[in-house]
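Examination of the molecular architecture
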Number of protein chains: 2
Amino acid sequence: MAAQQVFASIITIGDELLIGQTIDTNSAYMAQELNKIGIWVHRRVAVGDVWEDIWKSLEEEGRVSQVVLITGGLGPTADDITKPLLCQYFEGKLMINEEALFNVKNIFQNILKRPLLERNLKQAEVPDVCTVIQNKRGTAPGMWFEKNERIFISMPGVPHEMKGMMIQTVLPELKDRFALPPIIHRTLLTAGIGESFLAERINDFETTLPSNIKLAYLPNYGMVKLRLTARGRSEKLMAELESEFDMLKEKVQDVMVVDEDLTMQQVVGRILASRHKTMGTAESCTGGYVAHLVTSVPGSSVYYKGSVISYANELKHEILGVDSKIIDQYGAVSKETASQMVKGALRVLKTDYALVTTGIMGPDGGTAEKPVGTVWIGVGNAGKTETHHFHFRFDRQRNTELTATNALNILRKFVLQDH
Amino acid sequence: MAAQQVFASIITIGDELLIGQTIDTNSAYMAQELNKIGIWVHRRVAVGDVWEDIWKSLEEEGRVSQVVLITGGLGPTADDITKPLLCQYFEGKLMINEEALFNVKNIFQNILKRPLLERNLKQAEVPDVCTVIQNKRGTAPGMWFEKNERIFISMPGVPHEMKGMMIQTVLPELKDRFALPPIIHRTLLTAGIGESFLAERINDFETTLPSNIKLAYLPNYGMVKLRLTARGRSEKLMAELESEFDMLKEKVQDVMVVDEDLTMQQVVGRILASRHKTMGTAESCTGGYVAHLVTSVPGSSVYYKGSVISYANELKHEILGVDSKIIDQYGAVSKETASQMVKGALRVLKTDYALVTTGIMGPDGGTAEKPVGTVWIGVGNAGKTETHHFHFRFDRQRNTELTATNALNILRKFVLQDH
């Protein structure tokens, strides 16, 4: 087989996407996975539970893409019209699929241990013109249709059910079907430099990039990812990509966090684990968000001990031992309090490093002297304590995210400088 | 003006959406806000930084919608082609806009306190055929175009910049322009009952709903939202919607968390605040996620004191006072440990209520006896402690989210039953 360029579209179905009640995370996952096997997603469309809109999107996307992935609209409730529509679009008849039926019965009898309902049995019905994709994680089967040399794959909208089908069936089958030219990304993460300053700095590099390698900027909460992308499988192209990536790394060395597509918390975790060191946190304004980020990494219990979330000032005093006079004199959001929180956290949590936050996230609580967005971040070990001052200008959520990102970056630098 | 039905499309631009490196949260926000003023979003499309794809989507969406909102592709870097494209599509010429220029200069000189770069000055250039939407939160101005009685509005992809423009300019202008029939939603939240069982229970209700009122199921992490939607402004329709909503509430009374579109943590916060009670948490497996949810609600410091995240067992003993023998004998993930964590949290945090979690979130750490997904949740006050056992069957992230949701629901019920 000669390598061919395969384009995909993603259609997500459901009114909840159009009234904004649900954020679509499925599309990002599907796009990522398709990308890895060399299929380029060039359109994503979301439509409501409306017959004509779904029908039209099947026609349109089938015109521009060889592969159309569809999620949503396969639940057991009456607002789901996707299956009858697919049946009519591909000119089939609904029939019970025995394996899907066995699966539905098994889930209800052995896992949920609940009586089976008529509407659940109907989930085992599929158009007789499709290949069924069995759902090992739920009751709605997936469906694989082919029409005019186009592949249409319908999956449930529940993320972990869709993911199961992608991994077990959809991705392997698509790989088998096409001779796909790989799409290769090389990504690095920077922190503490704005997009325009970064762009200014790598301007020369960017203008001399060969035409088959593309640079993208992905800004996110005080960090910017830089990504180089090449499509193809030649050794020459690979070598070229690596050499361009090396050049890019050199240009941003001082602000680079890592030269892989990793999160800040993954990087911090790797550094601590490799040095056999432990960390703990004491959070005020971030209210557990730093701990959540750190513990979202599997295996984090190796280096993460725990946190004291001292949202109330009396807990800063009682658990962390911050001097009440310090809080009275300088306020809970101050260099002095942050510094004492570090010492308290080290003592109470018995870790090698402690990272602390105290600030005003908004919308309320700001004063003329300490407006919303005022943040102190502290970091330390047995020998040394550092504090850093920030002033973010955003809403509660963004201020919290920026504080957490900056805190983790401060810890990262502190650990790296610690001999 | 007679009321008219206005349809909108949302176009998001950027390769990062198509390779799955970014999750699109802008579309959900825009859809929500358009909905509130009575504009129905019937399509959302994401395209890459590709001239033909963007051009085509403008043509297509302009055919089916009176209003087209566009985000992304307006940054200061070279991979952004949106502005030149819009300029050509609407047959204009790029010119410096003085107010936008003043804004860019002001941000660099007075807020960022950094030197202004040539590429930032270029951000003040806009096509001379658009009305400029000033950006009070960033350097890229928005643009309002009109063509063939269609409105096209281009905004930056940075969420809080886009939101600022929506609130200050886009939504008020659209409201002025059209006589919009309101879209009214009535939403309630249930917890602890699956979608199919809920559907079975309200089957009769659903089949007798008048055709101008629509029911939707929105399942999310152990909770299901039920939403009734009516479009129009007649008193009769409003009365009908209220009466149907009352009937629906009656049918799900025992599993209903709240009869508004609120999150579980907002509901818990309201109950505690209204009773002048306080809560604290002690988290092991959820690693700060419960605390994060609780503190994501503005004003939560009124009722939330803090948390001890005892990720390491020694902290369960040292800070919370869990008997080491109990941990040795029953394990950290056990009814006995959860129960002692409640007592320890109440003592250390000095709150009216304590909520605790201990479990195995995966992918590692499971055993035959206690597989991944085993969770104990504890809740208590000075007089009483309760523990609840769960076994979730999902991945780390989903297990964490389900644990947090169930924990908050358990606390909610405990507080409501407490006299």
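Residues numbered from 1 in each chain as written. Chains lettered and ligands numbered in written order. Predicted model: local features only at pLDDT ≥ 70, side-chain atom pairs only at ≥ 80, totals over all residues.

Let us look at helix α11 (residues 264-275) of chain A. Residues and elements named next belong to chain A. Taking 1.5 Å of rise per residue, the 12 residues of α11 would be expected to cover 16 Å, and the 17 Å separating its terminal C-alpha atoms lies within 8% of that figure. Considered for burial, the residues of α11 that qualify are Met264, Gln265, Val268, Gly269 and Leu272. Down the axis, α11 shows its buried residues gathered within 130° of arc, on one side only. Once α11 finishes, His276 follows within two positions and takes phi at roughly 55°, a positive value. (Helix = DSSP H or I, 4+ residues; strand = E, 2+ residues; numbered from the N terminus. Expected span 1.5 Å × (residues − 1). Buried ≥ 20, exposed ≤ 12 C-beta atoms within 10 Å, placed from the backbone. Arc of directions from axis to C-beta.)

Another aspect to go through is the pairing of strand β2 (residues 40-47) of chain A. Within β2(A), 8 of the 8 residues are buried, which leaves it mostly tucked inside the rest of the structure. The sheet contact formed by strand β1 (residues 7-13) of chain A and β2(A) spans 7 bridges and is parallel. The residue bridging A:Thr12 from the neighbouring strand is A:Ala46, located in β2(A). Bridging between β2(A) and strand β2 (residues 40-47) of chain B involves 5 bridges; their strand directions are antiparallel. The residue bridging A:Val45 from the neighbouring strand is B:Val45, located in β2(B). (Pairing = 2+ DSSP bridges.)

Quick look at the sheet that holds strand β11 (residues 223-231) of chain B now. Residue and element names in this part refer to chain B. Judged by pairing direction, the sheet is antiparallel, and its 4 strands sit side by side in the order β10-β11-β9-β12 without closing on themselves. Two strands close off the open sheet at either side, each with one partner strand: β10 (213-220) and β12 (256-258). Adjacent strand axes in the sheet meet at a mean angle of 30° when their direction is disregarded. With 9 bridges connecting them, strand β9 (residues 183-191) and β11 associate as antiparallel partners. Note that in β11 the partner of Thr187 across the bridge is Arg227. (Axes fitted to C-alpha atoms, helices over the stretch in contact; angles between N-to-C directions.)

With that settled, the discussion passes to the relation of the copies chain A and chain B. The two copies are related by a screw operation: chain A maps onto chain B through 180° of rotation and 0.0 Å of translation along the axis, at an RMSD of 0.0 Å. Overall, the copies show the geometry of a two-fold rotation axis. A high fraction, 100%, of the interface residues of chain A reappear at the interface in chain B, so the copies pair face to face through one surface. (Least-squares fit on C-alpha atoms with pLDDT ≥ 70 in both. Contact = placed C-beta atoms within 7 Å.)

Membership of the largest hydrophobic core comes to 134 residues, with the highest contact counts inside it found for A:Ala345 and B:Ala345. In terms of nonpolar packing, the next biggest core, distinct from the first, is built from 90 residues, A:Val47, B:Ile54, B:Val68 and B:Phe152 among them. (Core = buried A, V, L, I, M, F, W, Y, C linked by C-beta atoms within 7 Å.)

Attention shifts here to the sheet that holds strand β8 (residues 150-155) of chain B. Across the sheet, 12 strands lie side by side as β6(A)-β7(A)-β8(A)-β3(A)-β1(A)-β2(A)-β2(B)-β1(B)-β3(B)-β8(B)-β7(B)-β6(B); this open sheet has mixed pairing. Looking along the sheet, the strands with just one partner apiece sit at the ends: β6 (131-133) of chain A together with β6 (131-133) of chain B. Strand-to-strand, the axes of this sheet are offset by a mean angle of 20°, without reference to chain direction. Bridge count for strand β1 (residues 7-13) of chain B against strand β3 (residues 67-71) of chain B is 5 bridges, and the pairing is parallel. Directly across from B:Ile11, in β3(B), lies its bridge partner B:Ile70. Sitting on the sheet, helix α2 (residues 26-36) of chain B touches β1, β2 and β3 of chain B, and the angle it makes with β1(B) is about 160°.

Looking now at unusual backbone geometry. Cis geometry marks the peptide bond from A:Gly362 to A:Pro363, where omega comes out at 0°. Of note, A:Pro363 is situated in the loop between β15 (353-359) and β16 (374-381). Phi at A:Glu91 takes a positive value of approximately 55°, unusual for a residue other than glycine. Relative to the helices and strands, A:Glu91 is located in the loop between α4 (82-89) and β4 (94-96). Not every positive phi belongs to a glycine, and B:His276 is a case in point at roughly 55°. Residue position: B:His276 is located in the loop between α11 (264-275) and β13 (279-283).

At the interface, 71 residues of chain A touch 71 residues of chain B. Looking at the side of chain A that touches chain B residue by residue, the class counts come to 33 nonpolar, 22 polar and 16 charged. Direction of pairing for strand β14 (residues 304-310) of chain A relative to strand β14 (residues 304-310) of chain B: antiparallel, over a ladder of 5 bridges. Note on β14(B): the bridge partner recorded for A:Gly306 is B:Ser310. (Nonpolar A, V, L, I, M, F, W, Y, C, P; charged D, E, K, R; others polar.)

Let us now look at the domain arrangement of chain A. When cut into domains, chain A gives domain 1 (7-177), domain 2 (183-258) and domain 3 (264-417). Domain 2 of chain A puts 7 residues into the contact, and the matching count from domain 3 of chain A is 8 residues. (Domains from an automatic or database assignment.)

Residues and elements named next belong to chain B. Here Leu228 is to be found in strand β11. Residue Leu228 is classed as buried on the basis of its C-beta count, with 21 C-beta atoms lying within 10 Å. When the C-alpha positions of Leu228 and Ile184 are compared, they lie 8.2 Å apart, and in sequence the two are 44 residues distant. In contact with Leu228, other than residues within four places in its own chain, are Arg186, Ile213, Leu215, Leu241, Glu244, Phe245 and Leu248.

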